[in-house]
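Chains, contacts and geometry: an overview
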Amino acid sequence: MGTRWVNVAVVGLWLASMSWLVVEKVLPPLRVGQPPNYQTISQARRKEGPVGWRLYWNQEPIGWALSQARPQAHQSLEIRSRVHLDYIPLADLVPEWLARLFRLPEFRQLRLSLDTTSTLMIDPLGRLVRLHSSLQVGKFPEVVHMEGVAEGNDLIFTIRCGEFSYETKVPIPPDALLADSLSPQTRLPGLRLGQHWTLPTLSPLGRWNHALEILHAKVESEEPILWEGKTQQAYVVVFWPDIGTASAHHSPRGRLWVLPDPDARVVRQQVTFFHSQMEFIRMSDADSVRLASQVNLDEPLGAPRTNSAGQRSSVPLAPFIPDS
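Residues numbered from 1 in each chain as written. Predicted model: local features only at pLDDT ≥ 70, side-chain atom pairs only at ≥ 80, totals over all residues. Heavy atoms only, no water.

This next bit is on the overall build of the chain. The helix and strand tally for the chain stands at five helices and 17 strands. Buried positions account for 44% of the 324 residues belonging to the chain. For the chain, contacts bridging at least 24 residues in sequence account for 51% of all contacts bridging at least 6. A total accessible area of about 17,600 Å² is found for the chain, and carbon and sulfur atoms account for 56% of it. (Helix = DSSP H or I, 4+ residues; strand = E, 2+ residues; numbered from the N terminus. Buried < 20%, exposed > 50% of the residue type's maximum accessible area, 1.4 Å probe, protein only. Contact = heavy atoms within 4.5 Å. Areas by Shrake-Rupley, 256 points an atom, 1.4 Å probe, with all protein chains shown as cover.)

So, about the packing of aromatic side chains. Scanning the model with the defined rule gives one aromatic pair in all. Taking the ring centre of Trp 257 as reference, the NZ or CZ of Arg 268 above it sits at 4.2 Å. (Phe/Tyr/Trp six-rings, centres within 6.5 Å; stacked < 30°, edge-to-face > 60°. Lys NZ or Arg CZ within 6 Å of the ring centre and 35° of its normal.)

Turning our eyes to something else, we now look at the pattern of salt bridges. For the structure shown, the criterion picks out 14 salt bridges. As a salt-bridge pair, Asp 298 and Arg 70 come within 2.7 Å of each other at their nearest N and O atoms. Of this pair, Asp 298 sits in the loop between helix 5 (285-292) and strand 16 (305-306) while Arg 70 is found in strand 2 (residues 60-71), placing the two residues 228 residues apart along the sequence. For Asp 298, a relative accessible area of 44% translates into the label partly exposed. A relative accessible area of 23% means that Arg 70 is categorised as partly exposed. Note that Arg 80 and Glu 78 form a salt bridge whose closest N and O atoms lie 3.1 Å from each other. What emerges from the salt-bridge pattern is a single network uniting Arg 45, Glu 48, Arg 187, Glu 228, Asp 263, Arg 265 and Arg 282. (Salt bridge = Lys/Arg side-chain N within 4 Å of Asp/Glu carboxyl O.)

The next thing to look at is the pairing of strand 7 (residues 154-161). Here seven bridges tie strand 6 (residues 143-151) to strand 7, and the two strands are oriented antiparallel to one another. Its bridge partner lying in strand 7, Ala 150 is registered against Leu 155. Hairpin connection from strand 6 to strand 7: two residues lie between these consecutive antiparallel strands, with Gly 152 at a positive phi of about 65°. In this structure, the hairpin formed by strand 7 and strand 8 (residues 164-171) is closed by a connection of two residues, where Gly 162 is found at a positive phi of approximately 60°. (Pairing = 2+ DSSP bridges.)

In structure tokens:
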């Protein structure tokens, strides 16, 4: 009789432990579904038109951004983006210890204009093939080029500026979704609370030896957001530094607000640079098309242009962006 009860107890404990395993480890991934990847994003963007953004630096208007997906041969997809920033305070682009120098009166008024372009090429299976990003500061003739080529589970990453060149190999997890901090995603389909994924992020405004940083994205909450004149629920995706970095316990690097399926549009994004914050607010479709008619995404940075006074300039002119 005693042996029978021991067997019953063992079976009961086994059932309890298996129930815990299923509830805690098996069901959550099934409930939240697969996180976004290049394949689902490519499908969502193939029929999407140009997407424009209004940019704010510490809540002050600072410029604009434009991105557009272009289907290529053999079902590949190319995503091009351009960002124009006017008169960013130079003191906001340096580490805290160096920013003390810029508190002096002669440095407080120093500001920069920046232009960046980026291109992502995605193959028919939704895998990253290569990326390219360029950065130009004001009227300086030199342009910084950042390139990455996927080789297996590694990304061969190179930075070039004039005679200077720096190359490194960065391991990329198979499910990673690479992003550009200055070119926000326009759609993230299939989001669910609790989803998380790895996000290698290219930061043209970061330190040259940390231009590519591994972040971890998680869908942490839902909250109401005003979009197109009405309040809608949106998922909030938060980006955290890798646990192995010195800043892992600091505040998050950024946030995204994404409308639920079937829309799945990213309508707002915040990105942190040192001790400043840049915000992207999505334009209406009509304003995005109007901006695209004034911006040539194929024009390389540094190409001379003529302004209204007939003067040659290497900095793209900021187009007029009406408020909807």
